[in-house]
Amino acid sequence: MLWRFQEGGRARVYTQGLAYASAGRHHVAIVKADGATTTVVLSTEDGNVTLLRGELDASEALTLAASALGAASGAASPAQAVGLGRWLGWSGGTLSGSRASGGAARGAPGIAPAARGSVLALRLLPIGRQTLLLLALTQAGLECWQVPSGGTGVLLWTAASPGQGSVRLLDLALVPLPNASLPAAAVLAADDSGQLSVHLSVHVLEGLGAGAAPPPWRDLGAVRGRNAEPALRLAAAAGAGAFLLWRPGGALHRWHPGEAAMRLRDSCRSVATAPDGAAWLVLDGDAGISAIAVHTPAMLDESAPDAGSEPLTEAGMAGEAANVVPGEAEDHPAAAAAFRLLDAALSRRSGGRGGGLMESLRETGALQASGAANAVALYSTRLVDTLPKHWGGGPSSGPGSAGDVAVALAQKLERHGALLHALGANGLAALDPATVRVLMENGERVAAVAAVRAAENRVLTARGRDPTALPSPLQAAIASAGRRCMPRVADLVDNRSEWELFYAAPSHSAPAFFAAVAEQAPALDGSSEAAAACDPMRVPGQGSFMAAQALDQLAELARAVQGAIAAAQQRRAAHGAEFAAATGKALRGGAHPEWLADRPARGALLALSRALIRLGPALRSEAPDRAAGAAVLLAELAERLLNAFAAAAADVSVQAAAAVGIEYGAARGEVLQALLEQALRFQEQGEAAGAALVARLEGLAEAHGAHAQLFELCETQGNWQRLLDHMAASLAGGERGLYAEVPLAGYVFRRLREDGRTAELLCLPDAFGEELLAWLARQGEDAETLRLRWLHELRLGRPAAAASTLDRSAARGAATCTHAARLACLAKLAAAAAAPGGLAPAPPQVAAHKQRQDARLALLAVQQALGLGNQPPLPPADLVTAGLYAGDVQGAVLAFDVLAAAGRAFCKEHRDMVAATWQAAARASDWPRLSAERPRLPDAAFAALLAGTPLAAAARRCYSAQPGDRALSADDRFEDACAPEEAEAALAEVAAELAPTAAADMQSAFVLGMAGQTVESFEEDDMQQSDFSFYENPEDMYEE
């Protein structure tokens, strides 16, 4: 079945019963040409392929489809299937695994045959009005075929399997590339150990002639957190910044290059990528179809390209329109006109209101785009990324010889500020929030890069101008960030160094600097491996790379990162002072967090924090005098890191905020726990830094909802009152903290219970009584929770509520009959305590509660009498069954006690069981044998014999005129649950099996029981005991 869906409409069945069958997994590809759907391709992992010619909106597209598919022109069924082998043919054979042949394919003339086996995946791309491009993935690699209209397919190139050593290729995905006519191809592979990796082939049209050299593979890295498995699938976002991995029917994971895969859902049937790569459509068998926005940072901010690799697009893998390189906008008339207007405005230094300028810009049509593609945003990016002439000096030069760097950055800041003033508050208000964000962030990034230059100047001044000295970690990070910028701007000029590019293009280099620091920091934790990585000339055993040196290098990077963030925040504050409304609008509701709270900045802060944590033990042993300073630095980084997470969580959509919240909680626990251990250690040693760190940690834990650390801090110090104060503040709505699942009070409740400290939990001050009661009510109905709840309700002076909780606890939370009976008795006492004192009658609900507990106690007594007291309370139906199968008179009679205690509702629901119980009581006696005794016994003796039968005893327990004989009933009378007429009807089935005399005697026994007659009622002083002497046991008279 194939469904068709039009945007804005409802899905409907397009066709059924396709001429296509396969037991393998299915791929669906839709090929578009000029906006018209031309082809639907269905393929499977076993190489079976079918093409379906779809309905087209234009006759021209229909002609194209007919020629491309090789089908006959004219009216044809929309579901006509054409085997790919009949459509795509070439000299010597057809595609491996297609319907036509199923054999191994041979290449086009001049191409060496490839032993490739079955086709794993196929992707079709229109590259013109008369030509399609076919990408086929086999175990041997990736093949690219050009298929002209009505012609023979030509093999353009064959790219061997990527990766080192033996790898298995799993799936093929198309990667939409902004500013590129064709997507890239991404291949999912796995090595022998099951480690997944993704490889990219960018320029699929490197050559259009047969035998062209294949494009090189680019390794995007290993996919951590997800193992290889059969039928694993791959989908890509625009720019290869994010991927989805799933197995039909299995879990769905999202993977960003350089990171671990994150589990998004437990079940996924299929995924489709939007044409622009900005969203995924996910099919779940239970939840239906839902959309997942990509929200991925540009690859520039995520991972550095391989040295010497090709840029990912003609514009350098631009994930956003802001990455359009300077000069491209002039090729578009509307943008060029807007640029001329803005140039004129800056030259006049006019503006302030921006009304006239914005009107002129609007007339050019350049403001229709949103965000980074807006002409004003493009102009702002061009201002800050203008490439100057070659600077003198270089990365090893001091601040004097390369002072023009600071001057150039100051000039960029000045001109960018002039742009904002030219637009004015009214002009900024007229722009959409995404565009205003680009404008504001561009200025902040220039300020951040200027701060990095100031940090580099301090390093150069301290080191001196030694050209032979190895680059410092800060200089290495700057160079790495410059390399990350090369795919964006290197095509514009020649002979630009990494150092120059870093300072020339702040819109790219500022976030790239954070990514570079995140890459550098792990190598500075003081380990021997890190030492070798940072200093290849180091001789092992000489101790040249000491912990103190590692701390100095980490501090160098940390000061640069913090300085960059502080400078950007100062610039933001300046913007806010002048353009408060625009600044606030820019920081809210973006597709991704603002850049100081985005993944690169958070990654740098987290990497530095982790390196400091790992360095701690070495510092305490080698340089203990430096350990306190390292802890202070860790506290500074932790504060910035957690503030960034909090800002990111508040700045994105609810769906994206959930993912941020997971990372937030993990980082919060990891960093603050390490800081807590260090602070307490310093405090125990009597160091002055200990108290200051404890105070700072307490503030961070309060602000960010680090409940575990706050609890341990207060408990370790023995300051329980301080913890209670924090709990009270959390209940007042103050100190809950972002992404804390519950207020601090809720965490303390759970922690005390999990630690087995229930006495402390129930003895918390009265101020937390209501909150604790509400918390217990949310924890379910297990036995321990119910126990804590009724104890707390009694402590609060609420016996009626405690009686209700005890009632439920006795019903489902008791381990044995004895335990259940104890709970039922406590429930009766609690209900009695809730009743008014004196001569006032008990309220109806109290009386009903007492009757219900009495009935429960009666059932428990029956279970105990049946020898089942060591088991949990059994339901009435099981007790009736146990009584009937007990095999003695007592069991049969006890079954009626169960029916009486179970009440009217149970008997009405189990009419067949009630009837079977009466019949079992009747069949417990040998009525023909009893009838045979009538001639030899006096009337009183025979009546006493009938009154002693189990049937008479059951009738007495249910209908006796003597109240003392009756079993305890949950209702006022057992007749309301089972009328005597219903019992007689059940007995009539047994009577039909007997002779008339025996049946009459059975009826007499039932009547005697209803009258309350017993054996003792008929005893006479002159009755001879010998009359019963022939029975060893008189009860044998009543048993078969």
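Cut-off values and rules
Residues numbered from 1 in each chain as written. Predicted model: local features only at pLDDT ≥ 70, side-chain atom pairs only at ≥ 80, totals over all residues. Heavy atoms only, no water. Pairing = 2+ DSSP bridges. Helix = DSSP H or I, 4+ residues; strand = E, 2+ residues; numbered from the N terminus. Axes fitted to C-alpha atoms, helices over the stretch in contact; angles between N-to-C directions. Parallel < 35°, antiparallel > 145°, perpendicular 65-115°, else oblique. Contact = heavy atoms within 4.5 Å. Nonpolar A, V, L, I, M, F, W, Y, C, P; charged D, E, K, R; others polar. Expected span 1.5 Å × (residues − 1). Buried < 20%, exposed > 50% of the residue type's maximum accessible area, 1.4 Å probe, protein only. Salt bridge = Lys/Arg side-chain N within 4 Å of Asp/Glu carboxyl O. Phe/Tyr/Trp six-rings, centres within 6.5 Å; stacked < 30°, edge-to-face > 60°.

A. Summary view of the sheet that holds strand β14 (residues 184-191). The sheet built from four strands is open, its strands ordered β13-β14-β15-β16 with antiparallel pairing. Either end of the sheet is taken by a strand with one partner, and the two such strands are β13 (167-175) and β16 (217-227). Going across the sheet, the axis of each strand differs from the next one's by a mean of 25°, ignoring polarity. In this structure, β14 lies alongside strand β15 (residues 195-201), joined through six bridges in antiparallel fashion. Note that in β15 the partner of Ala185 across the bridge is Ser201.

B. Structural view of the packing of helix α6 (residues 375-384) against helix α8 (residues 433-463). At a minimum axis separation of 9 Å, α6 and α8 run at an interaxial angle of 10°. One element, α6, and the other, α8, form an angle in the roughly parallel class. In this structure, α6 contributes Val376, Ala377, Ser380, Thr381 and Val384 to the contact, and α8 contributes Thr435, Val438, Leu439, Asn442 and Val446. For the contact of α6 with α8, a count of residues per class yields six nonpolar, four polar and no charged.

C. View of helix α31 (residues 911-923). Given a rise of 1.5 Å per residue, 13 residues ought to cover 18 Å, and the 18 Å separating the end C-alpha atoms of α31 matches this to within 8%. Those residues of α31 that fall on the buried side of the exposure criterion are Val914, Thr917, Trp918, Gln919, Ala921 and Ala922.

D. Here's a closer look at the sheet that holds strand β17 (residues 233-236). Here four strands make up an open sheet; going across it, the order is β17-β18-β19-β20 and the pairing antiparallel. With partners counted over all chains shown, the strands left at the sheet margins are β17 and β20 (262-268), one partner each. Direction aside, the axes of adjacent strands within the sheet are offset by 20° on average. As judged from the four bridges shared by β17 and strand β18 (residues 243-246), these two strands associate in the antiparallel manner. Each bridged residue has a counterpart across the sheet, and for Ala235 the counterpart in β18 is Leu244.

E. Structural view of the pattern of salt bridges. If you walk through the whole model with that rule in mind, you get 40 salt bridges. Residue Glu519 is joined to Arg484 by a salt bridge in which the shortest nitrogen-to-oxygen separation is 3.4 Å. Placement of the pair is Glu519 in helix α11 (residues 506-520) and Arg484 in helix α9 (residues 473-489), with a sequence separation of 35 residues. When the shortest N-O distance is used, the salt bridge between Arg696 and Glu639 registers 2.9 Å. Here Glu639 lies in helix α16 (residues 624-651) and Arg696 lies in helix α18 (residues 688-703), a separation of 57 residues in the sequence. What emerges from the salt-bridge pattern is a single network uniting Glu781, Arg789, Glu793 and Arg808.

F. Expanded view of the packing of aromatic side chains. Inspection of the entire model under this criterion finds 15 aromatic pairs. Taking 5.6 Å as the distance between ring centres and 5° as the angle between the ring planes, the aromatic pair formed by Phe645 and Tyr664 counts as stacked. Here Phe645, found in helix α16, pairs with Tyr664, found in helix α17 (residues 654-684); they are 19 residues apart in sequence, far enough to count as distant. A single burial state applies to Phe645 and to Tyr664, both of which are buried. Summarising the aromatic geometry, the rings of Trp918 and Phe1006 are spaced 5.6 Å apart at their centres and angled 75° between planes, so their arrangement reads as edge-to-face.

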